[in-house]
Amino acid sequence: QTENCDLHLCFSLNLTLIDLIFSSSTAPPTVRIIHSGHACNVEEERYTERVYTIREGETLELACLVSGHPRPQIRWTKTAGSASDRFQDSSVFNETLRITRIQRLQGGRYYCKAENGLGSPAIKSIRVDVYYLDDPIVTVHQSIGEAKEQFYYERTVFLRCMANSNPPVRYSWRRGQEFLSQGSDKGVEIYEPFFTQGETKILKLKNLRPQDYANYSCIASVRNVCGITNKNVLFKLSNKTASPTIKLLVEDPIVVNPGQTVTLVCVTSGGDPTPTLTWVHSADELPKKSVLNGGTLTLPAISIEEAGVYSCVASNNVGNPAKKSTTIVVRGLKKGRFWITPDPYHNDDNIQIGREVKISCQVEATPPEELLFSWLKNGRPLRSSERMVITHTDPEVQPGTTNLDIIDLKFTDFGTYTCVAVLKNGGIPEISIDVNISSTTVPPELTVPRDKSPLVVQEGDTVELQCLVSGKPKPIILWSRADKEVPMPDGGLQTESYDGALRIVNVSREMTGTYRCATSQYNGFNVKPREALVELTVQYPPAVEPLFTEIRQGLGRAFTLNCRMLRAHPSKVLKYEWKLGTRLLTMGQLDQRDETDYHVRALNREGYGEYTCEVTNEAGAGACRFLVTGRAYAPEFYYDTYSALWQNRPRVYGFKLQWTQQNPLSVDRIVAYRLGIKQVKIPMEGAIAKGELITHNLTELIKPEAYLVRLTPITRFGEGDSTDRTIRYRMGQNSPNLLFEDEAVCMFTQDKRDDFDWTRHSAATRDTKYTPNTGPSSDRVGSKQGFYMYIETSRPRLEGEKARLLTPTFNVAPKSPYGTVTSSPTYCFGFYYHMYGKHIGALNAYLRQKGQSGADSSVWTLVGNQGDRWKQAKVNIHPTASFQLVLEGIRGPGIEGDIAIDDVTIEEGECKDPPHNSKCFFGEGEGGMTYTSTRTNQSGRGKPYNIRL
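All figures in this text were calculated on a predicted structure; none of them were measured in a lab.

Student: Would you take a moment to explain the packing of aromatic side chains for this structure?
Tutor: Ring pairs (aromatic) are described by centroid distance and by the angle formed between their planes. Taken as a whole and judged by the stated rule, the model has 14 aromatic pairs. Summarising the aromatic geometry, the rings of Trp578 and Phe626 are spaced 5.8 Å apart at their centres and angled 25° between planes, so their arrangement reads as stacked. You can see Trp578 sitting in strand β46 (residues 574-580) and its partner Phe626 sitting in strand β50 (residues 620-629), a full 48 residues away along the chain. This pair shows no difference in class: Trp578 is buried, exactly as Phe626 is. Here Arg104 stacks its cationic end above the ring of Tyr132, 3.7 Å away from the centre of that ring. Above the ring of Tyr639, the side-chain terminus of Arg725 is found at 4.3 Å from the ring centroid.

Below is the structure:
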């Protein structure tokens, strides 16, 4: 249809000899991307890609225009311009993609994908290039050299200028008011380091001279693209210019107690210009409650988490930044633990009289060198002796551990031993750990209560897994999965328990399996761990499909409902019940099967409603639900109607509304449609075929009103699903579906073999920086909002370059009953043109016919300035085969040469005054009615009928 567009179809001409032909009303999707918003430029890079250039902070707006029936679904996606920007890892399901205040990281390639289930999805893309220019920064470095055996001193200064930009920045240097260039001063050298690839510009002052002490300006420019102005930075170079130096007026390290306020003071001791001071923390961010005042950083009520390295950094863009650091140590004690080790020289886990036993105590201390241990027996201080040996582990090897070795254990050694940990300077609460050594001190054993394994629970319950711990003292119990790679319910691989129980809230089916409980050495015996296993089984109700299905059926028809069980535990003794509403239909049991069917032999009115199939086990029930209804599916509007809108009188317009019926044979015959405008009822004669195109003409619509059209099919069951569509009248526009957008408007296309493209334009959206003294100030009818097509002759266009716009391909109307063209028919081709400006080139019209490989035939031409007004051109053409018309604009000798066209018309017969409704408008603006409806089947033949209100 797009390649062979009939005149009647595209231009709504009243041509009786040209049939409206459809091979089918369904069509796979096609897609085009058009642009609006605040684009600086849209460049057509032929055979590669389209580039949309926009300034950072402006609004990006891309619209995806689609054709195809059913109406395609549209999805926008993006490939990132940067790894840090992934378009929010999502897609936009909308025809228009709009990004306000676009940022540089949002540049990249944007894809519009349209699909309607027919053929392959249609995909188009456009690359968005975001332009920006940051303020430049000047950094200064110097090198000092002393030549051997000579008494001279050389000092060379490098001024480096850098600015982030897109497109690449161009730099220039100025000393005072004097512009500097390579070779303008023997003492000055300007160059770009090879490794920076144009990102920086260095001004080298060789063997610094008195006149080199001056104000230097670096000007960064992107040549005013997108209206981005130049930016500059000033640096004053003097004999005092120096890199920064600083002093920290604090100790290193700083040892404090929790809750104290810490003040860090940093001062500059040198540097010109005056350095800027900042503080940084080894944890990347300063604490939220910190207070920064110049070079002074205050940390009120410091906590252990805020300890670390704090650095003061001074920078003035001269040389390297100065940095000095100090470490804040927050004192504290935590995690006190103990363990008992029986005599390691005997293969026995028990404590026995006459043998050795060792008690170990461990504490985490900050700073570790302040940690002090002491031991008590029954509350009295204990000193190291031959039989009571107290040792402290080297803090650098295993910090925070002390051992008490009792040699040749006696009954008199039984009692309570206390390990006490303190920090030597005080101020921190001590940690004390009591360990009882007696005849009842025995290694642990683990057992699982009989009724606690295997454990069967319902999904969603709270369950407690238990391991009973005997022995004294009782150690910490470690829970894990028997399969050590499977995580615990809290996500970790191991969970600690002090009472031997593992509690799981809201247990799920994935938690079924074997759990291991094991003793740890902490707070118990340092012996081989004791283990026990607990089996957990989680029951859950059947999972079934489908969960919900809508079934549309006509009266008297047979159908089958199927419900399938996917998984369940327990999976045996499954029962099912079929219900219609609350009425039981049938019931049974799933033995070896995993599905059940319910058959309806002939649907009656009482058979409409919600059917439920419940499949149950001990854990609960799963349900399949089916809504059986006679509602007709929604109609699908046909959006690709050519010349859908027309006007015969000044104040009213008409619209050709077309649609197909979705799945028309699935329910009873559609007897009528209800049209939302005036609640008109459109009767249907006979059954509607799948893909049949139905046409209904809306007339007497008032300009410029918009109308919400709601279309509802009606069967003997009642009203079906509705579809809405908004119809708008746009001033100066022949069809709301055939706007002159992008490279195809009213099925027009840009010639890919020309030098540049025609541009759709409106005076209302015209750039304030447009070229004066050329081009129209409105469309052909005088509307500022109306659109037209024109050639932009400003740079980079050159004299003689051509832009060509191609009409659709039209079939010549056969006048013979045998389908042959007996004589050359005559058509009148007309259009309005505007050729104003002293540099106007030429406007040409050509006839291109199918099967004629030679050059296009010239049918009309005009050269030079024609004044600041629209004029009409009309010419007779005599095609003998399918044809196109080519409108060619040629650029003149200068920029004041914009040529515009509007209101293209084609009529059968000799040229005369064109009717108002025969135009393909380039523009846009913004119902007592008589309706005419037509149904078109797949053969394309229509049957009209009238309805009078």
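Student: I'm lost on the nonpolar core in this one. Help?
Tutor: The tendency in soluble globular proteins is for nonpolar side chains to be buried side by side. With 29 residues, the main nonpolar core has Leu333, Ile340, Trp375, Leu404 and Tyr417 as its most contacted residues. Taken together, the elements giving at least two residues each to this core come down to β26 (332-342), β27 (357-366), β28 (371-377), β30 (388-392), β31 (401-406), β32 (415-423) and β33 (431-437). Among the elements that line this core, the one with the most residues is β27, at five residues. If you look at the next biggest cluster of nonpolar residues, it comprises 28 residues, including Phe756, Ile840, Leu843 and Phe883.

Student: What's the story with the side chain of Asn316 in this structure? I'm lost.
Tutor: Following the sequence through the fold, Asn316 ends up in the loop between β24 (308-315) and β25 (322-330). Classification of Asn316 by relative accessible area gives buried; the value is 7%. There is a polar contact of 3.0 Å between the side chain of Asn316 and the backbone oxygen of Ala242. Here the side chain of Asn316 touches Pro273 through a polar contact of 2.8 Å, landing on its backbone oxygen. If near-sequence neighbours (up to four positions away) are discounted, Asn316 is found in contact with Ala242, Ser243, Pro244, Gly271, Asp272, Pro273, Thr274 and Pro275.

Student: Sorry, what's going on with the sheet that holds β24 here?
Tutor: Strand pairs in the sheet, formed through backbone hydrogen bonds, run parallel or antiparallel to each other. Strand order in the open sheet formed by four strands is β19-β25-β24-β21, with mixed pairing between adjacent strands. The sheet is open, and its two edges are formed by β19 (254-256) and β21 (276-281), each paired on a single side. Each strand of the sheet is rotated relative to its neighbour by a mean of 25°, with strand direction disregarded. As judged from the three bridges shared by β19 and β25, these two strands associate in the parallel manner. Bridged to Val256 within β25 is Val330.

Student: For this particular structure, what's the right way to read the environment of Gly271?
Tutor: Relative to the helices and strands, Gly271 is located in strand β20 (residues 262-272). Overall, the relative accessible area of 29% leaves Gly271 in the partly exposed class. Residues Gly271 and Asn316 lie 45 residues apart in sequence; the distance between their C-alpha atoms is 7.5 Å. Discounting chain neighbours no more than four positions away, the residues touching Gly271 are Ala242, Ser243, Pro244 and Asn316.

Student: What's the story with the state of the cysteines in this structure? I'm lost.
Tutor: Working definition of a disulfide: a covalent bond connecting the sulfur atoms of two cysteines. One pass over the structure, following the stated rule, counts seven disulfides. Residue Cys563 pairs covalently with Cys624 via a disulfide, S to S 2.1 Å. Of note, the bridge from Cys563 to Cys624 carries an S-S torsion of about 70° and is right-handed in sense. Here Cys563, found in strand β45 (residues 559-569), pairs with Cys624, found in strand β50; they are 61 residues apart in sequence, far enough to count as distant. Covalent S-S linkage joins Cys828 and Cys911, the inter-sulfur distance amounting to 2.1 Å. One disulfide, between Cys828 and Cys911, carries an S-S torsion of 105° and so falls in the right-handed class. Taken as a pair, Cys828 in strand β66 (residues 827-835) and Cys911 in the loop between β71 (899-908) and β72 (919-920) lie far apart in primary sequence, 83 residues in all. According to the relative accessible area criterion, Cys828 is buried, its value standing at 1%.

Student: Just checking my understanding: could you explain the pairing of strand β23 (residues 296-299) for this structure?
Tutor: Walk down a regular strand and you will see the side chains alternate between the two sheet faces. Residues Leu297 and Leu299 point to one face of β23 and are all buried, whereas Thr296 and Thr298, pointing to the other face, are not buried. Alignment of β20 against β23, held across four bridges, turns out to be antiparallel. Bridging across to β23, Val262 finds its partner in Leu299. In terms of strand pairing, strand β22 (residues 291-293) meets β23 through three bridges, oriented antiparallel. Residue Val291 lies in a different strand from β23, and its bridge partner there is Thr298. Hairpin connection from β22 to β23: two residues lie between these consecutive antiparallel strands, with Gly294 at a positive phi of about 65°.

So, how was this worked out
Numbers given for residues are sequential positions, taken from 1 along each chain in its written order. With the structure being a predicted model, the display of local features is reserved for residues of pLDDT at least 70 and the display and counting of side-chain atom pairs for 80 or more, all residues being used for whole-chain, interface and lining totals. With hydrogens and water excluded, all non-hydrogen atoms of the structure serve as input to the side-chain values. Each Phe, Tyr or Trp ring, with Trp reduced to its six-membered ring, pairs with another whose centre is within 6.5 Å; inter-plane angles below 30 degrees give stacked pairs, above 60 give edge-to-face pairs, and intermediate values give tilted ones. Strands here mean DSSP runs of E at least two residues long; helices mean DSSP runs of H or I at least four residues long; both are numbered from the N terminus. Relative accessible area decides the class of each residue, using a 1.4 Å probe on protein chains only: under 20% of the type maximum gives buried, over 50% gives exposed, and in between gives partly exposed. Over a ring means this: the NZ of a Lys or the CZ of an Arg is within 6 Å of the ring centre and within 35 degrees of the ring normal. The term nonpolar core refers to a set of buried residues drawn from Ala, Val, Leu, Ile, Met, Phe, Trp, Tyr and Cys, joined through side-chain atoms within 4.5 Å. For the purposes of these results, a polar contact is taken to be a pair of N or O atoms within 3.5 Å, where, inside protein, one atom must be able to donate a hydrogen and its partner to accept one; residues adjacent in sequence count only when each atom of the pair is a side-chain atom. Should any heavy atoms of two residues lie within 4.5 Å, those residues are considered in contact. Any two strands with at least two DSSP bridges between them are considered paired. Only the stretch in contact is used when fitting a helix axis, every axis being a line fitted to C-alpha atoms; angles between N-to-C directions are given from 0 to 180 degrees. To count as a disulfide, a pair of cysteine sulfur atoms needs to be within 2.5 Å.

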